[in-house]
Amino acid sequence: MGVLNVTPDSFSDGGEWFSFEDAVAHGRELVAQGAAILDVGGESTRPGAAPVAQDEELRRVVPVVEVLAGTATLSVDTSKVVVARAALDAGASYVNDVTAFRAEPAMAGLVAERGCECCLMHMLGEPRTMQDDPRYDDVVDDVKAFLSERAAFAVGEGIAEHRIAVDPGIGFGKTIEHNLELLRRLDEIAALGFEVVIGTSRKSFLGKLTGRQDPHDRVAATLATTVLALERGATVFRVHDVAETADALKVAAATLRRDGP
Ligand code: HH2
C-alpha cells in the first residue's frame, strides 16, 4: 500500500504531492514501483495537525482518485463519510479509517452497502493529544480487544469479515516501547483472523531509535520493521517508499516460502 498524501502538512512528505499534477504523477510512480493499493489522504493525522474542512478534503482527494482509479486498488484515508462516499463514487474501493468508524459510525453502513474493503486502525485518544503520556495495561491485549470490538461492530453493520483488515496503529497514542511491543507480538494480532495492515513508514519512533531526524532518512529503519511484520503475519504494508519495500518483501517472503520462486 503506497501512501499518497495530498496534504501540505503530513509529517514526512507534507507539501511534496500537494498539487493535483504532482499527486497523480507520484501515484503513478508508486504503482510502477509495485504498489497494489494507493492510499489517498487529504488530512494529516500527525500529532497536532490542523483539522481539514470537508470541502477542502473533497477537493484534495476526489480528483486524484478519479484519475488514478484503475491503475491500482484505490483506498481513501479518511474518517468522514462524505469524503469516503465521494471517493468511492470516483473509483475507490477501500476505506482506511484511522478512527475505526468511531468518528462517524455511519461509515460502516457505507462500506457494507458498497461491498468495499476497509481497514480499522487502533488509536488511543485523538491526534491532537494522543502522544501525551499514553498508557495501557498490556498494549497488545488492549489493542487486540479494541480491534475485536470494532470488527464485531463492522460485521454487525453488514461488512463481510473477509473485507475487514485491522491495524495496530503504530505511533497513534504509543511510546517507542509500545510500538516495539506491538511489532514484536504482531502474531497475536494476526491471530484475530483478519488481514493485518502495518504502518511504520518513516515514523518518529524510528527516528528516535536511529538518530535520523529527517523522515526521508528512515527508509532502512522502515524496512527492518516491514520484514519483521511480514514474518509475524502482516499482509499489507503502508509505506512511502514502495520500490525499496517491494524488494525487501520479495526477498523476505521467498525466504519464508510464503510466495517464493
Ligand atoms: N499512519 C498514518 C496515516 N494513516 N492508516 C493506517 N491504516 N495505518 C497507519 O499506520 C497510518 C494510517 C500516518 O502517516 P502519514 O499518512 O504519512 O502521515 P500524516 O498522517 O501526517 O499524513
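In this report, the structure presented in the accompanying data block is examined. None of the values given here were measured: they were computed from a predicted structure. (Residues numbered from 1 in each chain as written. Predicted model: local features only at pLDDT ≥ 70, side-chain atom pairs only at ≥ 80, totals over all residues. Heavy atoms only, no water.)

**A look at the overall build of the protein**
The number of helices and strands found in the protein is 10 helices and eight strands. For the C-alpha atoms alone, the extent of the protein along its principal axes is close to 40 × 40 × 40 Å. Looking at the protein as a whole, 51% of its 261 residues qualify as buried. The long-range fraction of contacts in the protein, counting pairs at least 24 apart against all pairs at least 6 apart in sequence, stands at 66%. Accessible surface, the protein: about 11200 Å² in total, of which carbon and sulfur atoms supply 52%. In the protein, 26 positive and 41 negative side-chain charges are present, and the distance between their average locations comes to 2 Å. (Helix = DSSP H or I, 4+ residues; strand = E, 2+ residues; numbered from the N terminus. Buried < 20%, exposed > 50% of the residue type's maximum accessible area, 1.4 Å probe, protein only. Contact = heavy atoms within 4.5 Å. Areas by Shrake-Rupley, 256 points an atom, 1.4 Å probe, with all protein chains shown as cover. Lys, Arg positive; Asp, Glu negative; His and termini not counted. Charge placed at Lys NZ, Arg CZ, Asp CG, Glu CD.)

**Looking at the site of the ligand**
Surveying the vicinity of the ligand reveals 17 residues, the closest of which are Ser10, Ser44, Thr45, Asp167 and Lys203. Asp167 has a polar side-chain atom sitting 2.7 Å from a nitrogen atom of the ligand. With respect to the ligand, the backbone of Gly199 contributes an N or O atom lying 3.3 Å from an oxygen atom. Protein chains shield 98% of the accessible area of the ligand, which is 490 Å² for the free molecule. When its residues are assigned to classes, the shell around the ligand shows five nonpolar, seven polar and five charged. (Near = heavy atom within 4 Å. Polar contact = N/O pair within 3.5 Å; in protein donor to acceptor, adjacent residues only side chain to side chain. Nonpolar A, V, L, I, M, F, W, Y, C, P; charged D, E, K, R; others polar.)

**Overview of the environment of Tyr94**
Residue position: Tyr94 is located in strand 4 (residues 94-97). When its relative accessible area of 3% is taken as the criterion, Tyr94 is described as buried. Note: C-alpha distance between Tyr94 and Cys118 (24 residues apart in sequence) is 5.3 Å.

**Here we look at helix 3 (residues 81-89)**
All of the buried residues along helix 3 are Val81, Val83, Ala84, Ala87 and Leu88. Around the axis of helix 3, the buried residues are gathered within 165 degrees of arc, so they sit on the same side. Contact partners of the buried residues in helix 3: helix 2 (54-68), strand 3 (73-77), strand 4 and helix 4 (106-114). Positive backbone phi, at 125 degrees, marks Gly91, one or two positions downstream of helix 3. (Arc of directions from axis to C-beta.)

**Here's the deal with the environment of Ala50**
Along the polypeptide, Ala50 turns up in the loop between strand 2 (37-41) and helix 2. When its relative accessible area of 47% is taken as the criterion, Ala50 is described as partly exposed. The spacing of Ala50 and Phe11 is 39 residues in sequence and 12 Å in space, taken between C-alpha atoms. Those residues within four positions of Ala50 in sequence are excluded, and the remaining contacts are Asp9 and Glu43.

**Re the pattern of salt bridges**
Under the defined criterion, the tally for this structure stands at 19 salt bridges. One salt bridge connects Arg238 with Asp77, and the closest N-O pair in it is separated by 3.2 Å. Note that Arg238 is positioned in the loop between strand 8 (236-237) and helix 10 (242-256) and Asp77 in strand 3, a separation of 161 residues in sequence. On the accessibility criterion, Arg238 (15% relative accessible area) is buried. What makes Asp77 buried here is its relative accessible area of 11%. A salt bridge links Asp89 to Arg114; the shortest N-O distance between them is 3.0 Å. Of this pair, Asp89 sits in helix 3 while Arg114 sits in helix 4; the two residues are 25 residues apart in sequence, bridging distant segments of the chain. With a relative accessible area of 56%, Asp89 lands in the exposed category. Each of Asp138, Asp141, Glu177, Glu181, Arg184, Arg185 and Glu188 takes part in one network of salt bridges that share partners. (Salt bridge = Lys/Arg side-chain N within 4 Å of Asp/Glu carboxyl O.)

**With respect to the sheet that holds strand 2**
In space, the eight strands of this open sheet follow the order 1-2-3-4-5-6-7-8, with parallel pairing throughout. Of all the strands in the sheet, just strand 1 (2-5) and strand 8 have a single pairing partner and so form its edges. Sheet topology note: the strand 4/strand 5 (residues 117-121) ladder contains four bridges and is parallel. For Val95, the partnering residue across the bridge sits in strand 5 and is Cys118. Against the sheet, helix 5 (residues 139-156) makes contact with strand 5 and strand 6 (164-167), and its axis sits at roughly 150 degrees relative to strand 5, the strand it touches most. (Pairing = 2+ DSSP bridges. Axes fitted to C-alpha atoms, helices over the stretch in contact; angles between N-to-C directions.)

**What to know about the packing of aromatic side chains**
On inspection of all chains with the given rule, the structure shows zero aromatic pairs. The ring of Phe153 has Arg150 sitting right over it, with the charged end atom 4.6 Å from the ring centre. (Phe/Tyr/Trp six-rings, centres within 6.5 Å; stacked < 30°, edge-to-face > 60°. Lys NZ or Arg CZ within 6 Å of the ring centre and 35° of its normal.)

**Details of the side chain of Thr225**
Within the secondary structure layout, Thr225 lies in helix 9 (residues 219-231). The exposure class of Thr225 is buried, given its relative accessible area of 7%. Among the polar contacts listed, one links the side chain of Thr225 to the side chain of Thr200, at a separation of 2.7 Å.

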